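# Observations on the three-dimensional arrangement
Spelled out from the first residue to the last, the chains are:
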Amino acid sequence: MIKQVGRTVINPKHLATCHCGAVVLELDLPDGIVDPRRCNCSICRRKGAIVASVPLSGIRIIKGQEVLRLYQFNTMTAKHYFCSICGIYTHHQRRSNPEQYGYNVGCLEGVNPFEIENVPMNDGVNHPADRGAS
Ligand SMILES: [Zn+2]
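Overview of the structure. Along each chain, the written sequence defines residue order, and numbers are assigned to residues from 1. Restriction of local features to residues with pLDDT of at least 70 applies here, the model being predicted, together with a cutoff of 80 or more for giving and counting side-chain atom pairs; totals for whole chains, interfaces and linings are based on all residues. The basis for every side-chain value is the complete set of heavy atoms in the structure, and neither hydrogens nor water enter the calculation.

### Some thoughts on the sheet that holds strand β9 (residues 79–83)
Operational definition: Here a strand pair is declared whenever DSSP counts at least two bridges between the two strands. Helix and strand assignments follow DSSP, with helices taken as H or I runs no shorter than four residues and strands as E runs no shorter than two, numbered in order from the N terminus. Working convention: axes come from line fits to C-alpha atoms, limited for helices to the stretch in contact. Angles between N-to-C directions cover 0 to 180 degrees.
The sheet built from five strands is open, its strands ordered β6-β11-β10-β9-β8 with antiparallel pairing. Each edge of the sheet is formed by a strand with only one pairing partner; in this case those strands are β6 (51–55) and β8 (68–71). Recorded for the sheet is a direction-independent mean angle of 25° between the axes of neighbouring strands. Relative to β9, β8 runs antiparallel, the two being bridged by four bridges. Note on β9: the bridge partner recorded for Y71 is H80.

This is the structure in structure tokens:
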């Protein structure tokens, strides 16, 4: 877990915004940024975002619910949300753990994700739910 990025201290309640500001999320981050990682799956490799984890109760949409769009593919389990105005991915409900959201660390107010060192890569190409699938 990461409590500070550069000069930005991660607040227990931290705001996250899309690029245009239409979408504002409030995240509960009592432990800071938990489990930040990149992922090589088909959608994450295109987004390129560093994603961290919160429980479902840890995100509240305080602005922009009406402009958030949902994208689903393949098993249609995960729910990927993005701003329909600026196109920025904000958060998604995970397939590997539907009790969790992943969120875009780059959306956190004041956080430059490039200041986080040694972000591990998650092997999403070999997703556990895909094993045995043709
Ligand atoms: Zn936006």
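### Focus: the coordination of the zinc ion
Here is the rule: Water is not among the atoms examined, so metal sites may look incomplete; donors are the N, O and S atoms within 2.8 Å of the metal, or within 3.2 Å for Na, K and Ca. Only two sets of limits are used to name each site, 85 to 135 degrees for every angle of a tetrahedral four-donor site, and over 155 degrees for opposite donors with all other angles from 65 to 115 for a square planar four-donor or octahedral six-donor site, with any other site named irregular. For every residue, the accessible area obtained with a 1.4 Å probe (protein chains only) is divided by the maximum for its type, and the residue is called buried under 20%, exposed over 50%, and partly exposed between those limits.
Looking at the zinc ion, one finds its protein donor set to be C18 (SG), C20 (SG), C83 (SG) and C86 (SG), positioned 2.3 to 2.4 Å from the metal centre. If you look at the zinc ion, its four donor atoms make angles of 104 to 117° with each other, and the shape they trace is tetrahedral. Read in sequence order, the donor residues for the zinc ion give the motif C-x1-C-x62-C-x2-C. Taken together, the positions of C20 in the loop between β3 (13–17) and β4 (24–28) and C86 in the loop between β9 and β10 (89–93) put the pair 66 residues apart, joining distant regions of the chain. By relative accessible area, C86 is classed as partly exposed at 26%.

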